[in-house]
Amino acid sequence: MDTGCDLLAEGLCGTTSDGVTPKYIDFIDCTGDGDIPMDNAKLVEFQYKNDGDNVVVGLSGRKLVLGEWAKDVTSMKLAAIRLYELLPRGVLRRVKKERKEAFMMKHHALISKTQLKLDQLSASCKEAKTGDDEKKEKEQKEKEKKDLKLMLEQLNTMIEFYDEDSGPLMDIIMFQDGDNWKAVIDLEANGDLTKSIPMAPFGIDRQVDEFRFGSHVTFCIQVYDEGNTLSIVTDSGSHGTHVAGIAASYFKPDEVESEELTKDLNGVAPGAQILALKIGDGRLGSAETGTGLIRGLIAAKKHGCDLVNLSFGEPSWQPDKGRVSKVFEKAFRDWGMTVFTSAGNDGPALSSLGSPGSLTNIITVGAWASPSMMTEQYSTLNDSPLTASSYYFSSRGPTPDGFLPDVCGPGGAVAPVPRAALQGKAQYHGTSMSSPNVCGVAACVLSTVKENGISSCEPEELKRALKNTAVSGGIVDPFSQGSGLVSALDCADYIINNHGKKGQNMAIDVSIPSRNSARGIYIRDEAELDCSKTFNVLVKPRFSHNNQRTLDEVNELLSLQIHLRLKSSEKWVTCPESMTLLSAEERNGQTFAVRLDTQGLKPGVHYCTVDALDASDEERGALFSLPITVVVPHSRFVTNDKPKYLLGDDSSSDSECVELKENGIDFLTQFHLIQGLPNRRFFSVPTGTEWVTIKLRSTEANPSGSSPRIYLHAIPFVRGDMPNTECQLKRVVQVDDGTEKEFHIRTRGESTLELCLQTLWLSNPSSVKVTAEIEFHSLNTRSPTLLSSQPITITAAAEFARVGVAAPLRTEQLNPSCSLKSVLRTVRPNNAEITLGSLGRDAEPPSDAALASDADEKPSQIYEMRLSYAFKVDSDKAIEVRPSFPSLFNQLYDSPLDSQIWSLLDSNSKIIEYGSSMHHATPKSLKKGDYVISLLLRHPNYSVLDQMKDIPCEISFNLKDALPMAVYSDLDKASTPAVKDDGRSQIAKRLLPRGSYQDIYVARPTADLPKWCVDGDVIVGALTLDKSKESVTSMKMLYILPPKPKAKSEDSDEGDAKKEESLDDIVFKAKLGHMKKLRAKNTTAYKEIAEELRNQKPSSIPLLSELLSFALEAPLSNDVTNEEQYRVDEIEKIYNKSQKVNGGPIDAAVLAKYFGLNEPDKEELDADEEAKEENKEMKEQRDFLKTILLSRAFANANNTSSDMVAFDNTVKELKQWVKLDTLKDDEEKIKYTLVLARHARLCQGRVPVALSMLLKGKKELMSGKSLKLIDEELLTLFNATDENHLNQNIQESIYCSYPVFKRNV
């Protein structure tokens, strides 16, 4: 379960080591990344012609020429997909770069060609001309020269505003061939499918192909839901191929130089088959989703997998909680699949283990390196002896509830990667590499035990065997290595020798009821060290039984009785000598007590296990273990009387020590860093502390003369369920002689801070000595929890917020500032739809026990709910926008739902961005317009989804310029923020002496708020108490917007009496309103009312405007054969009716005269009612004249049969009354731009002028449903030339911006 695999990668494209069995069982996309919804496809009936062209028109508009493969096809489904929607991001970047270089090469050639024409024309213009004909010729050449200069400008502009490569659109044909569905994809995007080979799902014919255009990405297909879903399966990155290669690649001897080299190249288990399950979603940059994980486990069970590897992970709040975690538990305990996972790459500090590595029902693997790996894979400098150790980045336990990784394995390898990476193999390192190493070992172990007659080895039995036979190597670190390095031979012998013994394949849960059912004991904070502590340990065997137990299952419960010997690995933990393990179903488990005596422990971290051994057979190792971790802070060993504590036996001045500084609060400590060994210090944080400052400097000059690189990892707090990623500090520090590096990290009082330093042996294994200074700070303003959702808030009616600041620990600097940076808008869904998930992928199988009892037991089906959220961007300038769902965010393995993924679409259904439950999406710059967020939620319980139909979406709009907020020390200033002329000043930078207190007041912003904000919006930012320490002294700030002040209309005066309408006017308006409703429904009734109203008021502008709308939009009667000409004629009729000479209101000469003079100002109009009414009528007439002239010209421009002379005249008249900058609506601006561009091209033959107008419009116009027309007009211009790179680029842009086939989450 990974990013997917390259089916043609070397070492993975053939067979297993038997030379016969295919390496791949199947390749399945579990994410939906490559899903094509064929229920939305266009259905086409088809009959093959033996003596003619077999052509269908694809959704791209291209003619698709079919080959002989279509002989028996009678119907087909047509769809389309852009290549770039399927490529991994790394490949996509490369392909875009290569295609841009090719585009620019052709474009620069075109520029050079145009420049040559200009040079030649300029030279001919310099020749002396005397005759009239010669002068006319020269004038013509000067005109051509001017156009060529303009063309050059536009060609260079196109470089500056290069329309990002959108990639080719590939047509898809899918049809049924007997019982199977097959698909043909236009891989060349040229319509020639004569030589195409229809592809069936991979599991049928093992067909693999490769995408073109230099991508070299391989793919196969799958078909689901009775042909309603086509899945195009690609990898989403190189990670999965590399992991598969480590576990099971096989190189045939004839493919390499020697058989000995073959063994070196092979994966750990070359005889194993691979089921490639893509759970890394390409839409999310290959991040995993709940959908992918759950579908992956379902598919693994369906295909009978023994072992599953998952080298992925995310932070986790509550291990073993949530839907995804429960399905992992089901896979391990109920479906008989052993799942291996990487511990994560977030070490070396303790408590850095995320999920799924923190789950109970999984085998978690840390990363380990041998000296030979260090030198051979990383070319490590070996100035001093190298020691085997954990990788510095390998995540460490314990989790907050005491859980640790299980085992470790080699964490680096040279292995195959996808061919699209343009290299055969790569060297990667991480716990992602250690997990498949151990998984491969497990495959070899299972193969061995099966050869020895053991047909089934349950996951718990395999896990117990791997842990009980693991060995220690080099620097021992149970927090990253668990039980140690796996040993394949010992593990296989262990299973063979112990298989079938009572309890050997049984899961046994161990927990501490008094510590919220923790899986271990983890004492970290000093308050728990003052005396001995006793804990009750609950032990409960787990049985995988059917709901109604069979007789055999009942007997299993009744017969369980194992006499156990309990052993503590350390003297400071006392436990009973023995216990008898029973099923204990009645009392829900058994308990025993352990006592911890920690008073005599030295500073640092201490680890112990209480192991339960079969008293009659102790050699088979622990049946269960209780992990116990105790941290004794170094700060506990220094006082004002004894301020220095030496950490070793060496009493020299440069030995490692911890020293309490003279102020009685801060600490100084020395580190002697040795390759491979993390060096830890623990400090009890004083009450009230809000942040810690860490200062790091070199203790001595480095003998080698180089500056060592040190990994600094600090975790300030391990309590409750907060992941380390929410509070930690991680830096790679270059320690230069004579310089000091300073870092800040938030913390909270009465917790324990760990400061962990380690050298990076990848570059320099030499030992290093450094000194760290730890300072504790507080301004006493934050809530008592380290991560709080409680911001400082100024409500809609309030003018300010008050914050109290104190300095309880030391003198602190107060230098506040406050600003707001984004607008948060909450929207509810406008539509919700719940459906069954995919029948082939979303059926969760029953347990093995249930199937053993009833072979007809049905799977449970997962449901999907799609929610739609509509919102607008009303800003005249583009805004960066990011949607999120805070109630579900930052939850994956512990999420209450299977998954969440959302897409952001524009009004053309173009997908702009995807996002998920983890990792905020990148804010996207959105132009003015309408947008939709589509959210997909999944769960096996319909009722759960039904009750979440109203889940809110939060949309963040980033402000281009932050809104400043004044910070005062005086209440009266803050409560009157709008006052500016009283000599007020904000609070100045100052020192706050220890023990002192200061109130500060934050006033609401007084700058103009964005006009596009709406009631209910919240503006968010931060109050920073010390600008020099922004990362640790900032608090979230909210300003809830009050209702906007009511604006007065420019054309109204509150003192004016409203003019009373006559009954005839009211009836006229009512009928006019009714006409609008009839426009598209009943043209006959519409025309009758129109004639009646026309007779009543032939000069009514509202009536003429409605008739113009009818002429533009009305449905056509059956006798209309040329719509374009029909619209032109109808608009012309309205234009004629509007003219004064025909009884209409418009007299162009009168309007020109009126507006040619100085228009009366507002005061003059207010004083003269008749002049005011005349002004209103004149504006109304002028606006209508502009509208109809633009509509008339636009209709002529779109009419391919228009008389060019007539078109030229309409444009001339239009230009007399309308200029682009006088139009307010983008839709009108688009039409105006198109009219002038087509006029320049068709009537004047000036293509450069047309191109200039269109490129300017494309750059400046933000919204409007007709924006596509600008691109289409550009395409028309480019198609008239031989410059294919231009028309290809714009055509692909059109496909991208205006999808011909719609996909969604």
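Our subject in this report is the structure included herewith. (Residues numbered from 1 in each chain as written. Predicted model: local features only at pLDDT ≥ 70, side-chain atom pairs only at ≥ 80, totals over all residues. Heavy atoms only, no water.)

Overview of the side chain of Arg-825
Next, step 1: With respect to the secondary-structure elements, Arg-825 resides in strand β45 (residues 817-827).
Next, step 2: With relative accessibility at 10%, the residue Arg-825 sits in the buried group.
Next, step 3: In this structure the side chain of Arg-825 is engaged in a polar contact, spanning 2.9 Å, whose partner is the side chain of Asp-1017.
Next, step 4: The contact partners of Arg-825, leaving out residues within four places of it in the chain, are Lys-872, Cys-953, Glu-954, Ile-955, Phe-957, Trp-1012, Cys-1013, Val-1014 and Asp-1017. (Helix = DSSP H or I, 4+ residues; strand = E, 2+ residues; numbered from the N terminus. Buried < 20%, exposed > 50% of the residue type's maximum accessible area, 1.4 Å probe, protein only. Polar contact = N/O pair within 3.5 Å; in protein donor to acceptor, adjacent residues only side chain to side chain. Contact = heavy atoms within 4.5 Å.)

Section: the packing of aromatic side chains
Next, step 1: Tallying each qualifying case throughout the model produces 19 aromatic pairs.
Next, step 2: Measuring from ring centre to ring centre gives 5.1 Å for Phe-637 and Tyr-645, while their planes differ by 40°; the resulting arrangement is tilted.
Next, step 3: Between Tyr-1086 and Phe-1110, the ring centres sit 4.1 Å apart and the planes meet at 10°, which makes this aromatic pair stacked. In this pair, Tyr-1086 is assigned in helix α19 (residues 1083-1096) and Phe-1110 in helix α20 (residues 1101-1113), connecting sequence segments 24 residues apart.
Next, step 4: Residue Tyr-1086 is classed as buried on the basis of its relative accessible area, which comes to 1%.
Next, step 5: By way of ring pairs, the aromatic residues Tyr-378, Tyr-391, Tyr-392, Phe-393 and Tyr-711 are connected into one cluster.
Next, step 6: Between Arg-681 and the ring centre of Phe-671, over which it is positioned, the NZ or CZ distance is 4.2 Å. (Phe/Tyr/Trp six-rings, centres within 6.5 Å; stacked < 30°, edge-to-face > 60°. Lys NZ or Arg CZ within 6 Å of the ring centre and 35° of its normal.)

Digging into the state of the cysteines
Next, step 1: For the structure on display, the rule yields zero disulfides.
Next, step 2: Unpaired in this structure, Cys-220 has its nearest cysteine sulfur neighbour in Cys-5, at a distance of 11 Å.
Next, step 3: Not part of a disulfide, Cys-727 finds its nearest cysteine sulfur in Cys-756, a span of 15 Å.
Next, step 4: For Cys-727, a relative accessible area of 8% gives the class buried. (Disulfide = S-S within 2.5 Å.)

What about the environment of Val-223?
Next, step 1: With respect to the secondary-structure elements, Val-223 resides in strand β11 (residues 218-224).
Next, step 2: Sequence spacing of Val-223 and Ser-916 is 693 residues, and the spatial spacing of their C-alpha atoms is 25 Å.
Next, step 3: Apart from the residues within four sequence positions on either side, Val-223 is in contact with Met-174, Trp-181, Pro-201, Thr-229 and Leu-230.

Section: the sheet that holds strand β54 (residues 929-939)
Next, step 1: Across the sheet, which stays open at both edges, the five strands sit in the order β46-β49-β54-β51-β52 with antiparallel pairing between neighbours. With partners counted over all chains shown, the strands left at the sheet margins are β46 (831-836) and β52 (911-916), one partner each. Strand-to-strand twist in this sheet, taken as the mean axis angle between neighbours without regard to direction, amounts to 20°.
Next, step 2: Relative to β54, strand β49 (residues 863-873) runs antiparallel, the two sharing eleven bridges. By the bridge assignment, Tyr-869 is partnered in β54 with Ile-933. (Pairing = 2+ DSSP bridges. Axes fitted to C-alpha atoms, helices over the stretch in contact; angles between N-to-C directions.)

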